[in-house]
Amino acid sequence: MNLRTTKQNGEWINRTKRINFSFEGETFTAYEGDTISSALWAAGQKVLGRSFKYHRARGVLSLANHDVNILVTDGVDTNMRADVVLVKEGMVLNAVNTIGGVKKDKNSYIDSISPLLPVGFYYKAFHTPRRLFPFWEKVIRKAAGLGIVNFDYPRILKRKLHTHCDVLIIGAGPTGLTAACIVAEAGLEVTIVDENQQAGGSLGYNRGGSLAMARQLTELLDKVAGYSNINLVTGAYAAGYYPDHLIPIVANDGITKVRAKTVIVASGAFEQPPVFRYNDLPGVMLGSAAQRLIYRYGVKPFNNGVVVTANDYGYRVALDLIDAGTKVLAVVDLRTVASPFSVEVAKRGVKIYPGHCVYEALASSDKSSVRGAIICAYDEQKNVAITSKKITIECDGIAMSAGWAPAGALLYQAGTSMQFDYGVQQFVPSRIPDGIFAAGKVNGIYELEQRINDGTRAANAALRYLGLSAPDNALQKHMGTSPSHAYPMVPHDKGKNFVDFDEDIQIKDFVNAAKEGFDNIELMKRFTTVGMGPSQGKHSNMNAIRILAKIRDLPVEKIGTTTSRPFFHPTPIGHLGGRGFHSHRLTALHQWHAEHGAVFTDIGAWKRAAYYPANGQSKEDAIQAEAMAVRNTVGIIDGSSFGKIEVHGADAAEFLERFFTGVYATQKVGSCRYVMLLDESGVIVDDGIASRLADDLFYLSIGTSNAAAVYREMQRSQQMWQLDLGLVNVTGALGAINIAGPAAREILATLTDLDLSYESFPMSSVRESKVAGVEARLIRVAFVSDVGYEMHIPMAQLPEVWQALLDAGKKHGIRPFGSDTQRLLRLEMGHAMPGVDTDGLTNPFEIGAEWALKMNKPYFIGQRSLQILEKKPLRKRLVAFVLAENFKGEMPMDCNLVLEGREILGRITSIAYSKFIDRSIGLAFVTPGKTAIGSQFQIRTDSGISVTATVVKTPFLKK
Amino acid sequence: MQALSTKNSLKLDAQTSPVALAQQGDDVQWAVVNNMQIAATFSTPDVEQARKKVLGVTDVSCFHRYGFKGPKAAQWAVDHELAIPSNPNAWTLSDKKSLVLRLGGSEFVVEDQPGGDACQKLASVTARSAGVYKVPRADAAFILSGSAVLNLFSELCSLDLRPSSVLVSDVIMTQVAGISAIVLRQTIAGEPVYRIWCDGTYGAYMWKTLIKIAVELGGGAVGLASYQH
């Protein structure tokens, strides 16, 4: 069957170029510009997909990017929307969500058992017996979801761009295009975006049997093309509204984030289906879908059809169908009022049934198409069909026009207050945030001339908002009859009158949900899943609200709407991911590390050398070898990633007093002190060393991961405290090397004139001198070894000093060690590390850091919380532990639980085998009752084995 | 800038541009400028000129820089004969050969263009001055030229950097490719270019990101030698 019409004025297809493709193993021919659905429909293919739940046959519904039952795969991409995806030469397509194909889907039997599967059945079933739940879970998981994820999907770059304009207009229908011209005429930069492949909106297809609108569209587009300052973007949708008029525009090739000075939302409305039995059969489609088929793709929707309507729009659809060659057998109008178009339609030989409804669409024997419609009188007061007299009309298609729902998602997201306008039976904006303007159908304006006027009004308002002079036009209310019916629902004893096509939800499902107590729109949404399918309720939410209002006998505005969140339309993950920027920092020694076989690890923003395995050496062996070098001779580590911050000024010490937990006012120049930073709740954030270089200069070295956050917090605190000081973050400007081990002092002495004797340069002191001719700050630390020197030097000169140390230490067998080895070394020293041995709830009392707290200071961050906490009993405490000597069992891991029976006492925070000590050692949180030296506790390993640990003193190293 | 003496390999233990790690390849010729190894050329002059016209990315991390901040920083700069912008977040030329960037109200970055010596003069001032704090600089710095520069920024920066929105004297502190950066418009030898500075430890990442997009847009890496005139 060929449903292709003669050439239509303004059609989107190129009839000179034919395209061959296959669908479900059958070959089809299309024209360039056809969508998959339009091409199949033109060829007479009625069953294009299967519904999600009951696997019912489905065809064209909207042809507007919302036909979510018609999802296809080409073997690479899945869930392609056939109603809008253009067909391409050689495509091999199959419908998703079928077993055995769309025509003979083996799962179609589910439709026949649908009474057993009402909404929410799976909430109640399958819980008992519990042993069977895994079986049912597998069944449900298999049934849920659409399509099969292709794990070999190619990585296709989808750019995320940023652009700017004066005015962003969403919707390139007559309203938006008119607004664009007015704004452009004022010299402003305009971006106008529309999800359709071509601009024009309904002006391109809502013709009502006349070419006048097509001509009007051509004139309007010509006018738009004449403005160089209009950027018309089609085939892209505005996906959400974010503060300050930031709107992501999603196109096939990526997302463009548009920042506009003002926004005009002329996004139109979604046509809503009336609800009657079998309104989902292939051949039953929205009136606007029928018009799109005709005028965009030159396809006749059906041969003999019925139009069911509840507004004047349906009469225009009837006229368009007649022009396309469809024999329109009846226009069935739920209303009793006469339409201004009824005379013209009647003149074309169409019988009009005012005050009637389609009670039921009749299905062909295999339920794959329409064979007729049963018409009954409709009681508009009770919203029921009067079934005493049924009229059966044989037909192969039904066009539906019952009303509209505003495409107001972005308005909602922007914070617009909406009110229900009974004149148009839809929600319309009542209060819109500054800088945003609504126009056209989304504003409740439907007549073409009025829409153009409304576009003009909105454009002028936008101009005035931007400080330009423009007329202040008054908002005109919609004139004429309502474009939407108040309750286009037709109950039927046998059901299958679908409200939500995505999820196969019928009227009775809402009634049942309300009976179950889910009678709030948000609860009802979640129980019935209405609006939770891929079309996100664009064709169902409004009817769901109306049904709930009727159930609860409340006005629609009392029911309200569900929350609209970005993104407005399902957006591929690849679009959200974009190019995938992964910023990272490298030290000046990175290449050296790489060339010497380092294995890198990510710590904070940095790539750090974790360890340097020799050929064939395991990670564990490499770490142990590096640690042994530090213990027995000497090692060096690139510590450039440490946070490094200078605090300058007369109030520098006062700042540290307030910011950290210790005492710094009395700290002597040339000395170092431990610093611990808490948050206001007393939780440990970070720690480090404060080196006093002058009375008015402290040099802080802090952990890698938190450095940026600590610096930001310092800036924030200084903003509040307004002390006489300056903060300088030198993390990237200075590199750091730590040389550690028994030979460290001897090696360093060959490269500096500084007196390194323990008397002149004792532990916890800082000196400024030169190392290998390079200015350096030297700090005596004992983080990984009792003999250790940190050298902080300009990052660019790091390689010179590193190499000099390697050369000088050659005879001692100096070798580099990485951050993983550093963790083992500090564990041997018994040092807890914030972020490793603490978590987001740990306070200093819990790690035994009372010594670091000067509680009687006037103030420090977190002090007040600690004053409260110290009066409370401890709930956990960090302890050092060892496993049994020569332990050979399954090694516990970080985060393994400490258990007593089934009770959780705590967890391991660090654990490692130390070759130097020849013992497995670690730190763990345990309950206070388990902290005594010699106490034992059980660790449960990943495989469930219990391992005994014994609490010991630190350091683990014997002095 | 003098003609550069180049070689085709890097010395690992010498000062090197923080960007160099991401630049190494068979065709790169290295030069030492201001005691720092820097990429002098990546290809033939014709190829690099063509890239410059579309989207050329040049590493100029080797330029001398000096940073200082503090409540008395502006006065200190004037006392040391440095021309400074009168407005925050602006830049000016001092002695025609040194860029002076004012970051906010009280922080300054000075960058000597070829022939400039303001940084060395300032660095020679060793006495500490109350209310003035030296800010060590180890930036990765870039020149971006060509007709497609704004296309690149469109992907990397959320701000409107078009000439119609950015004053010639504006200094913009923003995020580029997800990291903190300074951006301004400059004219070099009559050619309008954009400049980017970021922390040197992000230099390799920034270079890779810039070059990847530049190549996609028809441009690419341009050596410092192409600016020697």
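Computed from a predicted structure; not experimentally measured. (Residues numbered from 1 in each chain as written. Chains lettered and ligands numbered in written order. Predicted model: local features only at pLDDT ≥ 70, side-chain atom pairs only at ≥ 80, totals over all residues.)

## Section: the overall build of chain A
What chain A contains, in helices and strands, is 24 helices and 47 strands. Counting only C-alpha atoms and orienting by the principal axes, one finds that chain A spans roughly 110 × 70 × 55 Å. Residues counted as buried form 53% of the 959 residues belonging to chain A. Long-range pairs, those at least 24 residues apart, make up 65% of the contacts in chain A with a sequence separation of at least 6. (Helix = DSSP H or I, 4+ residues; strand = E, 2+ residues; numbered from the N terminus. Buried ≥ 20, exposed ≤ 12 C-beta atoms within 10 Å, placed from the backbone. Contact = placed C-beta atoms within 7 Å.)

## With respect to the overall build of chain B
Along its length, chain B carries five helices and 14 strands. At 17 Å, chain B has a C-alpha radius of gyration in line with the 17 Å of a compact globule built from 229 residues. Seen through its C-alpha atoms, chain B measures out along the principal axes to roughly 50 × 40 × 30 Å. The buried share among the 229 residues of chain B stands at 52%. Nonlocal contacts in chain B, meaning residues at least 24 apart in sequence, comprise 62% of its contacts between residues at least 6 apart. (Rg over C-alpha atoms; globule rule 2.2 N^0.38 Å.)

## A closer look at the domain arrangement of chain A
Once the domains are mapped, chain A shows domain 1 (159-270 + 405-465), domain 2 (586-638 + 737-761 + 768-831) and domain 3 (873-952). Taking only C-alpha atoms, the centre of domain 1 of chain A and the centre of domain 3 of chain A are 64 Å apart. (Domains from an automatic or database assignment.)

## Topic: the interface of chain A and chain B
Facing the 31 residues of chain A at the interface are 29 residues of chain B. Counting residues per element, the ones that place at least two in the side of chain A that touches chain B are β8 (159-170), α17 (590-595), β36 (726-729) and α22 (798-808) of chain A. At six residues, β8 of chain A tops the list of elements feeding residues into the side of chain A that touches chain B. In the side of chain A that touches chain B, the residues fall into 13 nonpolar, 13 polar and five charged. (Nonpolar A, V, L, I, M, F, W, Y, C, P; charged D, E, K, R; others polar.)

## Focus on the sheet that holds strand β35 (residues 697-702) of chain A
All names here are of chain A. Pairing is antiparallel in the open sheet, where five strands are placed in the order β33-β34-β35-β32-β36. Taken across any chain shown, the strands that pair with only one partner, and hence form the sheet edges, are β33 (672-678) and β36. The average undirected angle you get between the axes of adjacent strands in this sheet is 25 degrees. Summarising the sheet, β33 and strand β34 (residues 684-694) pair through seven bridges and their orientation is antiparallel. Bridged to R673 within β34 is A690. (Pairing = 2+ DSSP bridges. Axes fitted to C-alpha atoms, helices over the stretch in contact; angles between N-to-C directions.)

## Some words on the packing of helix α5 (residues 174-185) of chain A against helix α11 (residues 448-465) of chain A
All names here are of chain A. In the contact formed by α5 and α11, the axes pass within 8 Å of each other and the chain directions differ by 40 degrees. For the pair α5 and α11, the crossing hand works out as right-handed. Between α5 and α11, the contacting residues are P174, T175, G176, T178, A179, I182 and V183 on the first element and L448, R451, I452, D454, G455, T456, A458, A459, N460, A462 and L463 on the second. Among the residues forming the contact of α5 with α11, the class breakdown is 10 nonpolar, six polar and two charged. (Left-handed = near helix turned anticlockwise from the far one by under 90°.)

## Considerations on the pairing of strand β13 (residues 254-265) of chain A
Residues and elements named next belong to chain A. When β8 meets β13, the two strands line up parallel, connected through 11 bridges. Within β13, the position partnered with H162 by the bridge is K257. If you look at the hairpin formed by strand β12 (residues 246-251) and β13, you'll find two residues sitting between the two strands. Note that β13 and strand β26 (residues 436-438) share three bridges and pair parallel. Within β26, the residue paired with I264 across the bridge is F437.

## Quick notes on the nonpolar core
Within soluble globular proteins, side chains that are nonpolar generally end up buried alongside one another. Counting residues in each nonpolar core, the largest one holds 182 residues, and the members touching the most others are L656, I739 and L805 of chain A together with V110 of chain B. It is helix α5 (residues 203-216) of chain B that provides the largest number of residues to this core, a total of seven residues. Ignoring sequence-local partners within four residues, the contact set of I739 of chain A consists of V634, I636, A744, I747, L748, G788, Y789 and L805 of chain A. By size, the runner-up hydrophobic cluster in this structure holds 174 residues, among which are I70, C165, V233 and F276 of chain A. (Core = buried A, V, L, I, M, F, W, Y, C linked by C-beta atoms within 7 Å.)

## Brief notes about the sheet that holds strand β1 (residues 6-7) of chain B
Residues and elements named next belong to chain B. In spatial order, the strands read β1-β2-β3; together these three strands make up an open sheet with antiparallel pairing. Strands at the two margins of the open sheet, each flanked by one partner only, are β1 and β3 (36-41). As paired strands, strand β2 (residues 29-33) and β3 are joined by five bridges and run antiparallel to one another. Across the sheet, the residue bridging to W30 is A39, located in β3.

## Things to note about the confidence of the model for chain B
On average, residues of chain B score 94 in pLDDT, and 98% of them reach the 70 mark or higher. Reported for the predicted complex are a pTM of 0.92 and an ipTM of 0.96. (pLDDT = per-residue confidence, 0-100.)

## Details of the packing of helix α12 (residues 507-515) of chain A against helix α13 (residues 521-528) of chain A
All names here are of chain A. It is the contact of α12 with α13, at a shortest axis distance of 10 Å, that shows an interaxial angle of 120 degrees. Note on packing geometry: the crossing formed by α12 with α13 is right-handed. Residues D509, F510 and A513 of α12 pack against M524, F527 and T528 of α13.

## Points about the environment of V119 of chain A
Residues and elements named next belong to chain A. As for its placement among the helices and strands, V119 is situated in the loop between α2 (109-112) and α3 (121-124). Taking the C-alpha atoms as reference points, V119 and V530, 411 residues apart in sequence, are found 9.8 Å from one another. If near-sequence neighbours (up to four positions away) are discounted, V119 is found in contact with I505, D509, A513, F527, T528 and T529.

## Focus on helix α6 (residues 212-225) of chain A
Residue and element names in this part refer to chain A. Spanning 14 residues, α6 covers 20 Å between terminal C-alpha atoms, matching the ideal 20 Å at 1.5 Å per step. Within the span of α6, buried status applies to M213, L217, L220 and V224. Axial view of α6: buried residues confined to an arc of 65 degrees, hence all on one face. When the buried face of α6 is taken as reference, the exposed residues oriented beyond 90 degrees from it are A212, E219, D222 and A225. The inward-facing, buried residues of α6 abut α5 and β10 (230-234). (Expected span 1.5 Å × (residues − 1). Arc of directions from axis to C-beta.)

## Focus: the pairing of strand β20 (residues 370-379) of chain A
Moving residue by residue along a regular strand, the side chains alternate between the two faces of the sheet. Residues and elements named next belong to chain A. Most of β20 is tucked away: seven of the 10 residues are buried. Alignment of strand β19 (residues 356-363) against β20, held across seven bridges, turns out to be antiparallel. Pairing of C357 across the sheet is with C376, part of β20. The loop that links β19 with its antiparallel partner β20 comprises six residues; one of these, K367, has a positive phi angle of about 55 degrees. Across seven bridges, β20 lies against strand β21 (residues 384-394) in antiparallel orientation.

## Describing unusual backbone geometry
All names here are of chain A. Cis rather than trans, the peptide bond between T128 and P129 has omega equal to -10 degrees. Going from P566 to F567, the amide bond is cis rather than trans, its omega being -5 degrees. Turning to its location among the elements, F567 is positioned in the loop between α15 (556-559) and α16 (573-577). One non-glycine residue, N886, lies in the positive phi region at around 55 degrees. With respect to the helices and strands, the residue N886 is situated in the loop between β42 (877-883) and β43 (897-900).

## Here's the deal with helix α4 (residues 133-143) of chain A
Across the 11 residues that make up α4 of chain A, only a small minority, zero, are buried. Looking at the residues trailing α4 of chain A, positive phi occurs at G145 of chain A, about 85 degrees.

## Looking at the environment of V92 of chain A
Residue and element names in this part refer to chain A. Here V92 shows up in strand β7 (residues 92-95). For V92, a count of 13 C-beta atoms within 10 Å puts it in the partly exposed group. Separated by 17 residues in the primary sequence, V92 and G75 have C-alpha atoms spaced 7.7 Å apart. Among all residues touching V92, those that are not within four sequence positions of it are S22, D74 and G75.

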